[in-house]
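Inside the fold
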Amino acid sequence: MLTWTRTLRQAGITEPTLLAAYGQQRDSVRRFKTAEFLTVRLLLPAQLHPPIIAAVAFMHETDQRIDTGTPEERGRALENWTTATRAALEGTTATHATLRALGDAATRHPQLRQRVADFLQGAHHEINYAGFDTEDELQSYIDAYSLPAFMLLACLVEQKDAAKTAIYVQRCRDLIEAMQRVDFLDDLAEDAAHGRVGIPGSDLARHGLSVEDLRAPTNAVRALLEKLVQQQTELAHLRLSTSRQLVGLMPQQTQPFISALLQVQELRLRAVSRKGGRLADGGAHPSAPALLGVLARQYRAARQTR
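In what follows, the accompanying structure is described.

So, how was this worked out
Residues numbered from 1 in each chain as written. Predicted model: local features only at pLDDT ≥ 70, side-chain atom pairs only at ≥ 80, totals over all residues. Heavy atoms only, no water. Salt bridge = Lys/Arg side-chain N within 4 Å of Asp/Glu carboxyl O. Helix = DSSP H or I, 4+ residues; strand = E, 2+ residues; numbered from the N terminus. Buried < 20%, exposed > 50% of the residue type's maximum accessible area, 1.4 Å probe, protein only. Phe/Tyr/Trp six-rings, centres within 6.5 Å; stacked < 30°, edge-to-face > 60°. Expected span 1.5 Å × (residues − 1). Contact = heavy atoms within 4.5 Å.

Considering the pattern of salt bridges
This structure, assessed with the given rule, holds 16 salt bridges. Between Glu61 and Arg65 there is a salt bridge; the shortest N-O distance is 2.8 Å. Linking Glu61 with Arg65, this pair stays in helix H4 (residues 49-65), spanning 4 residues, or about one helical turn. Residue Glu61 is classed as buried on the basis of its relative accessible area of 19%. As a salt-bridge pair, Arg171 and Asp174 come within 2.8 Å of each other at their nearest N and O atoms. Here Arg171 and its partner Asp174 are both found in helix H9 (residues 165-186), 3 residues apart, which amounts to about one turn of the helix. Salt bridges sharing common partners tie together Glu135, Asp143, Arg173, Glu177 and Arg181.

Considering the packing of aromatic side chains
Geometry of an aromatic ring pair is reported as the spacing of the ring centres plus the angle between the planes. Taken as a whole and judged by the stated rule, the model has 10 aromatic pairs. Here the aromatic rings of Tyr129 and Phe132 are separated by 5.2 Å at their centres, their planes lie at 55 degrees, and the arrangement is tilted. When sorted by exposure, Tyr129 lands in the same class as Phe132, which is buried. Pairwise contacts between aromatic rings join Phe58, Trp81, Phe119, Tyr129, Phe132, Tyr141, Tyr145 and Phe184 into one cluster.

Some remarks on helix H16 (residues 288-305)
When the terminal C-alpha atoms of H16 are compared, their 26 Å separation across 18 residues agrees well with the 26 Å that a helix rising 1.5 Å per residue should span. Along H16, the positions that sit buried rather than exposed are Gly293, Val294, Leu295, Gln298 and Ala302. Tucked into the core, H16 has its buried residues touching helix H3 (34-43) and helix H15 (255-275).

Okay, structure coming up:
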């Protein structure tokens with residue numbers, strides 16, 4: 001693996017202020033997304049590391065800005081951040097290092113521009129998020145926010161074949177739905193403590209449950225939740241199975257990365273399924289050896305493609 005400085009120079013990034021801006025994004029992502037950072041650095045071609053790190057850092061910075069305060073305050077924060085982001089993408093020299101790196105990445109990878117716009121538009125759904133009453137509301141959230149966020153990264157590793165674009169986006173949609181469902185199950189106890197969960201209220205009611213039940217779970221609640229978890233993991237499994245087609249839609253050099261992502265989600269799905277009704281007490285975690293095994297196998301595959 002190349003050093004970060006050599007990685008940037010190989011990607012044509014040599015201007016001192018840009019080197020500093022990308023360096024800050026590297027440090028940030030390595031700190032708050034350590035596993036993801038290592039996966040990118042080990043499994044993807046070096047020229048993709050800077051734009052992907054810039055995109056991940058941008059998403060994190062956006063989330064940080066809209067995550068606190070009243071809905072009105074969060075809305076104003078998003079509006080100000082959107083204005084600054086647009087200026088950076090249009091070529092204005094940004095004072096914020098995150099936007100400086102993002103603006104440069106979008107110059108080198110123009111497909112990022114529309115994906116950034118879609119993500120910022122969808123961020124309004126995150127500001128107003130208070131759980132879902134129905135499955136339709138969950139699906140709308142995935143379409144408007146989860147998928148645009150995922151496409152910020154997916155647009156950088158996709159096959160450059162216009163004929164495959166529609167099917168590629170749909171398979172990405174399948175994968176992010178599976179990931180989102182797993183996230184909502186894994187975060188169930190933490191979310192319930194805040195008075196909202198990612199499982200639609202209609203599904204909770206169908207199983208005789210409420211958010212209040214999940215905040216103070218009993219054995220009876222865990223038994224009811226067990227059935228609900230199995231239903232939700234079946235839905236996630238269907239989407240994850242379909243999304244495996246993504247590997248064949250990727251360039252060979254990025255296939256190990258997407259294969260690792262899919263396999264990690266399979267491990268996470270099995271973990272939440274095994275924990276079942278006990279998710280009311282806390283999340284589930286795949287075993288470290290299993291995760292390291294995925295990374296090791298795909299690292300070997302990545303080396304063979306270079």
